[in-house]
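Observations on the model geometry
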Amino acid sequence: MKAPDFDYLRPGTLAEAIAILSEHEGEAQPLAGGQSLMPMMNFRVAAPAVLVDLSALSELRGITRTDTSVRIGAMTRYRELADWANICTDLPLIAVALPHIAHDAIRNRGTIGGSLALADAAAEMPALMLALGATIELMGPNGTRHVPADDFFQGFYDTACEADELIVAVDIPLAPEAKFGFHELVQRHGDYAMAGVAIKATSLAPLSGLRIAFFGVSDRALRVPALEAALDGTSGDEAAIAAALPALEAIEFEGDLKVSAKTRAHYAGVALKRALAEMLA
Amino acid sequence: MTGPATIFDKPNTYIGQPTPRADAARLLQGRGRFVDDLQLPRMVHAAFFRSPHAHARILSIDTTAARAAPGVVAVYTGAELAEHVTPYVGVLTHLAGLRSAPQHPIAIDVARWQGEPLVMVIAQTRAQAEDACELIEADLEELPPAVDAETALTADAPVIHADFGSNLAWERKVDVGHIDNAFAAPDVTIVEREFRFGRHTGVTLESRGTVCDFDPSEQTLTMHYSGQAPHMMQVILSRHIGVAEENVRVISNDVGGSFGIKIHTYGDEIAAAAAAKLLKRPVKFIADRMESFMTDIHARDHVVKARMGISAEGSIVGIDFHDLTGVGPYSMYPRTSAIECNQVLNLTGAPYALENYRAHGQVVFQNKNMMCQYRAVGHPIAMAVADGLLEDAARAIGKDPVEVRRRNLMRDDSYPRASASGMKLDDLSHQKALEKLVEIMDYDALRADQIKMREKGIYRGIGFVSMVEVTNPSPMFYGVGGAHIASMDGATVRLDAAGALHVSSSITEQGQGTNAILGQIAAGVFGVPIERVKVTTGDTATVPYGGGTWASRGAGIGGEAMLQAAHALKTQVLDVAGVMLQSPVAALDIRNGAVVDAETGAERITLDALARTVYYRGNELPSDLKPELIATRHYRVTDFPFVFTNGAMAAHVEVDTETGFVKVLHFWAVEDCGRVINPMLVDEQVRGGVVQGIGGALYEECLYSPEGQLLNTTMADYIVPMASEMPEITVAHIETPTKTSVLGAKGAGEAGTGGAPAALLNAVNDALSPMDTSIWQMPMTPERILKALGKV
Ligand SMILES: Cc1cc2nc3c(=O)[nH]c(=O)nc-3n(C[C@H](O)[C@H](O)[C@H](O)COP(=O)(O)OP(=O)(O)OC[C@H]3O[C@@H](n4cnc5c(N)ncnc54)[C@H](O)[C@@H]3O)c2cc1C
């Protein structure tokens, strides 16, 4: 379990980093917190010829708040997010979800950009971005692009971020009146979810403005428009949930070593029910 | 046993005290000396190209590119290495009929499990060795594998060793009493269940590893070894690599966990030792986590079909079962892979007074990694089968499980006696342990809570186990069958010129506190402050000969040897003091580093003054006084094959019936390990053992595809218990010292692992009982529980 040889570069500016990525087309890979990439390299699942360490890029750092949104630099670590003074008031959904992402040691290094770029189907961050209606800011040789989270996650470890692009930041609209829900099913605290859900609602009675994002259910984090529509305007009580649950059939549930696709489907419903119950309590 | 009567109530004894471990600070400050910390001059690194298939004929292996790769020093195929290493066969004569085929460290013609070494690459760095492994071209013809133990004996199963004609490795039958008659009696209720126990493995924090070095000038082979039985390894290396036994030195410094994983012969370690000899330079091999999952011995893997008969009043009339266990393609060398099944047959129902007992065990070969002795060998199976059936039977006849145990447990005043399977039992306390358990857990309150919670749709369960544990094995365990494994242990105690004690022992330290209890015993029995005892273990060049630490034998056997040696040295020192002080020896004692007046405690001469006189100024002593300030003693268990311990445990769980998740709310363990030498260490052994038992019951399983591919080889996919999910574990003791030694200590290391799974199984089934369903498969994963509930 030793990585094969690679070159290591640590550019000082974003422009330089992009130049390196385009120069080595497909052979270079960015390194953020390394919490996913380093194990993959040691397992020899990933074998980039050039590793581009993003840690010196000041353009990818910092959390800034405007009147309407919060911009989080891609290299912001989970730990820095948790320590941000406004996290509970401005981004309560993220505040609630953070302790469920891995463990302290990993949160001390793992970054929001790394999590979104990796797009693990069971990771929390992609689903949070979907629920919050975030926009992902990408930079490549042709300049900057802004991709809504809804269009960003495209499949199994597959995103809108091209090989010569970097995630620079995410932009999350402020929603001071909104209500949030979060629930994930794990056997051990900190594990990747066996199924989980993140919810945003603009009002609770009745439920409206719903954005419901699932993770740990299929090949990527996703929303189910029919489910949101079915719950919109209801009280979110047991009968309403029961009536909405068939909409989950739109998800192509995936099985793994721990649970079958069928159990996942069941778990998605349980997570939804519990998250709504906690929101409405 | 005769011996010093006063050692346990002396004013300065350490025995029985929660004395902090001397090595804890060193380990916590990162000063541990593990195998991978070793950097020797000219050291090179081994990596292995391993079989990607469960069963394959090796047509050809091309290592040309690997040999030419940067940093590569040598490459060995199985055939090349076989010229330098003799094969080994994992059979022992007392396991009559057990068969296994000769095994080579690296496969030669046929690979028989995924992960079996096919080529060893030695390079300047491990990364280079792994790079070169990727350049090896192996032409392998896949053969149909026999993966599933349950079909391994069918007529159309591929036979793994053609000469044997079938995949049966061993079988044993026990038939005591008249089970059929007993079951046919009119008021007898029969419960019948099929138990499934998944494979799991030890997951030691420090993976297996070795640094081997060979010095051609003296023909000496030194193995730095993360292992539990250095003298056993010394014999194995000598016999199979061809170095005189006295020229093999095995050193086990700090070992980061072992759990029985590190008492076996692994091809990669033997190959690394052979390479060191061939290359005449140090070779390091450290198993990475993936290799650990694929090649560290696995354990359990049993299917048990079992029946119990119970009378209307709740008397168990008998147990009848068939145990099938798959052990991989070979019986592991040198301890064999039949021991676990043998233990299941020996131990099932052993806490209970049974008159009728019938058991049939079958051990089969299959194309999976090898299965062998892991913490609590056979115990979790034996306990879960007997106590699972007991609680099932109690439910069937509408009786409380504690009541049924009270009726059937062997009485505390009925020893010595034998179990139904013929095990000699003595000094056990099942009744006391159960009563203490019921008291500390507040059983009645838990039952009341259970009823109240059910009304709210919360399903809690309480489950018990009464158990025995095999500890302090005698020569009847291995030696009798021809294994070159010592059942005795030795201890040496030496007084130095500064009045400090240097002690050494053949038992080994793997994190459980062996060195700490050796120090306590020596300090207490001899009479010095514990800070003045220096303990050495784990080096065949310097410690007395002996077995090492496994089978819960360290404290009971190695501890007794230390007690005897410390006592002998004390007598020797007092003889010298008597002459120097012109005093009758009986009037003297050694306390707190000084020879004192036995009656008043007044200091007569300090040990350093005495030792300096002896060592430096012998001219002051009479010429006929021949002081010996060193003593060695050995000890082995006689008259009993094992010293059994007992315990009673209970689990309180909550089952989320919507998700199948099990939350362990509380766990209680009452353990009788005889004399407790250090309560802090014993309690943590029990707790650690319970946690490992929870792992087997709820989380851990080595999953194979039908083709024999191990599917979970990372710690993300193979899940172990973690602190945040673990319950409060309350530990209490009954102390019934064994009469086989002065120390009176029995083993304590495996009880938790042996007992916890049964208690958890019973607790989960108790929780599920209102839904009229139950589960008999471990680990009890959420999905399996949901299936039992009919939810998925
Ligand atoms: C034991 C363990 C448990 C974990 N549990 C969880 C969990 O429960 N939930 C969870 O969500 N995660 C979990 N993780 C993963 C963790 O959150 C990772 O840190 C995260 O997924 C990746 O972030 P990183 O900064 O470490 O990225 P890296 O590992 O450095 O990179 C990940 C990938 O993203 C690419 N990349 C990184 N930054 C950028 C960028 N700015 N632009 C473009 N591409 C980029 C890299 O090239 C790489 O392909 C766990 C990890 C471990 C080791």
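Each chain has its residues counted from 1, running along the sequence as written. Here chains are named by letter from A upward and ligands by number from 1 upward, in the order in which they appear as written. Predicted model: local features are reported for residues with pLDDT of at least 70 only, side-chain atom pairs are reported and counted for 80 or more only, and whole-chain, interface and lining totals are derived from all residues. Values reported for side chains reflect all heavy atoms of the structure, with hydrogen atoms and water molecules removed beforehand.

**A word on the overall build of chain B**
Helix and strand assignments come from DSSP, with helices taken as H or I runs of at least 4 residues and strands as E runs of at least 2, each series counted from the N terminus. Assigned secondary structure in chain B consists of 19 helices and 29 strands. C-alpha atoms define the radius of gyration, and 2.2 Å times the number of residues to the power 0.38 defines the globule rule. Over its C-alpha trace chain B gives a radius of gyration of 27 Å, about what one expects of a compact globule, namely 28 Å for 792 residues. A principal-axis box enclosing the C-alpha atoms of chain B has dimensions of 85 × 70 × 45 Å. Three exposure classes are used, based on accessible area relative to the maximum for each residue type with a 1.4 Å probe and protein chains only: buried under 20%, partly exposed in between, and exposed over 50%. Burial statistics for chain B: of 792 residues in total, 65% are counted as buried. In chain B, once contacts between residues fewer than 6 apart in sequence are set aside, the share between residues at least 24 apart is 80%. The contact criterion used is simple: two residues touch if any of their non-hydrogen atoms lie within 4.5 Å.

**Overview of the packing of helix α9 (residues 339–347) of chain B against helix α10 (residues 379–397) of chain B**
Residues and elements named next belong to chain B. In this description, a line fitted to the C-alpha atoms serves as the axis of each element, helices being fitted only across the stretch in contact, and the angle between N-to-C directions of two axes falls anywhere from 0 to 180 degrees. The interhelical angle for the contact between α9 and α10, taken along N-to-C directions, is 35°, at an axis separation of 8 Å. As for how α9 packs across α10, the hand of that crossing is right-handed. Contact residues: α9 offers E340, Q343, V344 and L347, while α10 offers H379, I381, A382 and M383. Residue composition of the contact of α9 with α10, by class: five nonpolar, two polar and one charged. When the near helix sits turned anticlockwise from the far one by under a right angle, the crossing is termed left-handed; a clockwise turn instead gives a right-handed crossing. Note that Gly is not counted as nonpolar here; it falls among the polar residues with everything else outside the nonpolar set of Ala, Val, Leu, Ile, Met, Phe, Trp, Tyr, Cys and Pro and the charged set of Asp, Glu, Lys and Arg.

**Structural notes on the pattern of salt bridges**
Two side chains carrying opposite charge are able to pair once their charged atoms lie near each other. When a carboxyl oxygen of Asp or Glu is within 4 Å of a side-chain nitrogen of Lys or Arg, the pair counts as a salt bridge. In total, this model carries 63 salt bridges over all chains according to the counting rule given. The partner of R44 of chain A in a salt bridge is D131 of chain B, and the shortest N-O contact between them spans 2.8 Å. Pair noted here: R44 of chain A is in the loop between α2 (37–42) and β3 (50–53) and D131 of chain B is in helix α4 (residues 126–133), and the two residues belong to different chains. What makes R44 of chain A buried here is its relative accessible area of 17%. Here D131 of chain B falls in the partly exposed class, since its relative accessible area comes to 26%. Taking the shortest distance from any N to any O, the salt bridge between E141 of chain B and R57 of chain B comes out at 3.9 Å. With a gap of 84 residues between them, E141 of chain B in strand β6 (residues 137–142) and R57 of chain B in strand β2 (residues 56–62) connect regions that are remote in the sequence.

**Here we look at the sheet that holds strand β4 (residues 110–111) of chain B**
Residue and element names in this part refer to chain B. Each pair of strands is called paired provided DSSP finds at least two bridges between the two strands. The strand order across the open sheet built from three strands is β4-β2-β6, with neighbouring strands paired in antiparallel fashion. Lying at the two open borders of the sheet, with one neighbouring strand each, are β4 and β6. Pairing of β2 with β4, which is carried by two bridges, proceeds in the antiparallel orientation. Bridge pairing links R57 to V110 in β4.

**So, helix α16 (residues 607–616) of chain B**
Residues and elements named next belong to chain B. Buried within α16 we find L607, L610, A611, T613 and V614. The arc that holds every buried residue of α16, seen down its axis, measures 160°, which confines them to one face. The elements touched by buried residues of α16 are β19 (489–495), α14 (514–527), α15 (554–581), β22 (588–591), β23 (594–597) and β24 (603–606). By definition, the arc is the one covered by directions from the helix axis to the C-beta atoms.

**Describing the domain arrangement of chain B**
Residue and element names in this part refer to chain B. Marked domain ranges trace back to an automatic or database domain assignment. Partitioning chain B into structural domains gives domain 1 (5–32 + 488–635), domain 2 (35–143 + 207–255 + 261–295) and domain 3 (298–475 + 639–788). Placing the centre of domain 1 and that of domain 2 at their C-alpha centroids yields a distance of 40 Å. Each side of the interface is counted separately: domain 1 has 21 residues, and domain 2 has 18 residues. In total, domain 1 and domain 2 occlude about 1,400 Å² of area from one another, counting both sides; carbon and sulfur atoms represent 47% of this. A 1.4 Å probe defines the accessible area here, and the buried area is the portion of it lost by two parts on being joined, summed over both. When residues of domain 1 are sorted by the area they lose upon contact with domain 2, Q510, T540 and Y545 head the list and together hold 39% of the total. Here domain 1 is connected to domain 2 by two salt bridges. Where R26 meets D254, a salt bridge forms, and the shortest distance between an N and an O atom there is 2.7 Å. Within 3.5 Å is the distance limit for a polar contact, defined as a pair of N or O atoms, with the added protein rule that one can donate a hydrogen and the other accept it, and that residues adjacent in sequence qualify only through two side-chain atoms. At the boundary of domain 1 with domain 2, the tally comes to seven residue pairs in polar contact (both at pLDDT 80 or more). A breakdown of the residues in the side of domain 1 that touches domain 2 according to their chemical character gives six nonpolar, 12 polar and three charged.

**What to know about the interface of chain B and chain A**
Contact residues are listed per partner, giving 30 residues for chain B and 25 residues for chain A. Buried surface at the junction of chain B and chain A, summed over both partners, amounts to about 2,400 Å²; 56% is from carbon and sulfur atoms. When residues of chain B are sorted by the area they lose upon contact with chain A, E658, F661 and E783 of chain B head the list and together hold 23% of the total. Run the count over chain B and chain A and you get 16 residue pairs in polar contact (both at pLDDT 80 or more).

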